[in-house]
Amino acid sequence: MEIKTNSPKETQKVAQRLTQDLVPGDVIALYGDLGAGKTVFVQGLAKGLKIKRNITSPTFVFMRSYPFTFKKKLLTFYHLDLYRGEEKSDFESLGLQEVFSQDAIIVLEWAEKIKNSLPKKRVDISIEKIDEKKRRIKIERHR
Ligand code: ADP
Ligand code: MG
């Protein structure tokens, strides 16, 4: 699926809508250059999941977790930003396989950095900057 948006708000709406199809265990891999709108998209996901806390990029800590309830079940929303990761050990220390195996919703910015470690079953989202306000968002679910 491909959608164009004209504002950050519209991008968040797309993300919010996506949360309606999410189930615990889903991994969402975000791709796109710096400033494309990945974090904006994550904020939309959080909104859709009714997470009240303000989401900013976990640039230095790599990973932040937010509890939320989904169908009366307490789950965790993991937001990872791998931008600053370089060494294999940076990623290994996150214990990603353990995170991926959880009953959580996991979203990764700069997912391409761990391409070979991503679960096959995931949602790939690429965001491309067309101009200052316009973005092209591609959503692909791999089952
Ligand atoms: P990334 O996490 O991909 O590096 P951010 O989400 O932090 O990017 O920043 C995207 C920037 O682009 C924000 O300043 C946002 O306001 C701006 N922007 C402008 N138009 C859009 C749009 N249509 N969708 C998302 N962000 C947009
Ligand atoms: Mg970001």
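Higher on the page you've got the structure.
Below or above, wherever it landed, is the structure these notes cover. (Residues numbered from 1 in each chain as written. Chains lettered and ligands numbered in written order. Predicted model: local features only at pLDDT ≥ 70, side-chain atom pairs only at ≥ 80, totals over all residues. Heavy atoms only, no water.)

## Quick look at the overall build of the chain
Check the secondary structure of the chain and you find four helices and seven strands. Starting at the N terminus and walking to the C terminus, you meet the elements of the chain as β-α-β-α-β-β-α-α-β-β-β. In summary, the chain has a C-alpha radius of gyration of 14 Å against a globular reference of 15 Å for 143 residues, a match within 12%. Within the chain, buried positions represent 45% of all 143 residues. Counted over contacts in the chain with a minimum sequence separation of 6, partners at least 24 positions apart contribute 59%. (Helix = DSSP H or I, 4+ residues; strand = E, 2+ residues; numbered from the N terminus. Rg over C-alpha atoms; globule rule 2.2 N^0.38 Å. Buried < 20%, exposed > 50% of the residue type's maximum accessible area, 1.4 Å probe, protein only. Contact = heavy atoms within 4.5 Å.)

## Quick word on the environment of Ile-106
The topology assignment puts Ile-106 in strand S5 (residues 105-109). Taking the C-alpha atoms as reference points, Ile-106 and Ala-29, 77 residues apart in sequence, are found 8.4 Å from one another. If sequence neighbours within four positions are ignored, Ile-106 has contacts with Asp-26, Val-27, Ile-28, Tyr-78, Leu-80, Val-99 and Phe-100.

## Description of helix H2 (residues 38-48)
Every buried residue of H2 is accounted for by Lys-38, Phe-41, Val-42, Gly-44, Leu-45 and Ala-46. Of the residues one or two after H2, Lys-50 is the one with positive phi, at around 65°.

## Concerning the coordination of the magnesium ion (ligand 2)
Here the magnesium ion (ligand 2) is held by Thr-39 (OG1) and Glu-109 (OE), and the distances to it run 2.1 to 2.2 Å. Pair noted here: Thr-39 is in helix H2 and Glu-109 is in strand S5, with a separation of 70 residues, a long-range link. (Donors = N, O, S within 2.8 Å, 3.2 Å for Na, K, Ca; no water.)

## What about the pairing of strand S4 (residues 73-81)?
As judged from the eight bridges shared by strand S3 (residues 63-70) and S4, these two strands associate in the antiparallel manner. Among the inter-strand pairings, Phe-70 is bridged to a residue of S4, identified as Lys-73. With antiparallel pairing between neighbouring strands as the criterion, S3 and S4 make up a hairpin whose turn holds two residues, including Lys-71 at a positive phi of roughly 45°. (Pairing = 2+ DSSP bridges.)

## Remarks on helix H1 (residues 8-18)
Buried within H1 we find Thr-11, Gln-12, Val-14, Ala-15 and Leu-18. For H1, the buried positions fall inside an angular range of 155° around the axis, keeping them on one side. Pointing more than 90 degrees away from the buried face of H1 are the exposed residues Lys-9 and Arg-17. (Arc of directions from axis to C-beta.)

## With respect to the sheet that holds S3
Judged by pairing direction, the sheet is mixed, and its seven strands sit side by side in the order S1-S7-S6-S2-S5-S4-S3 without closing on themselves. With one partner strand each, in any of the chains shown, strand S1 (2-5) and S3 form the two edges of the open sheet. Direction aside, the axes of adjacent strands within the sheet are offset by 20° on average. On top of the sheet, H1 reaches S1, strand S6 (122-129) and strand S7 (135-142); it is set at about 145° to S1, its chief contact. (Axes fitted to C-alpha atoms, helices over the stretch in contact; angles between N-to-C directions.)

## Looking at the nonpolar core
With 27 residues, the main nonpolar core has Ile-28, Phe-41, Leu-45, Phe-68, Phe-77, Ile-125 and Ile-139 as its most contacted residues. Of all the secondary-structure elements, those providing two or more residues to this core are H1, strand S2 (27-31), H2, S3, S4, S5, S6 and S7. Tallying contributions element by element places H2 first for this core, with four residues. What Ile-139 contacts, discounting residues up to four positions off in sequence, is Met-1, Ile-3, Val-14, Leu-18, Val-123, Asp-124 and Ile-125. Counting residues in each nonpolar core, the second largest holds 19 residues, with Tyr-78, Phe-100, Ala-104 and Leu-118 among its members. (Core = buried A, V, L, I, M, F, W, Y, C linked by side-chain atoms within 4.5 Å.)

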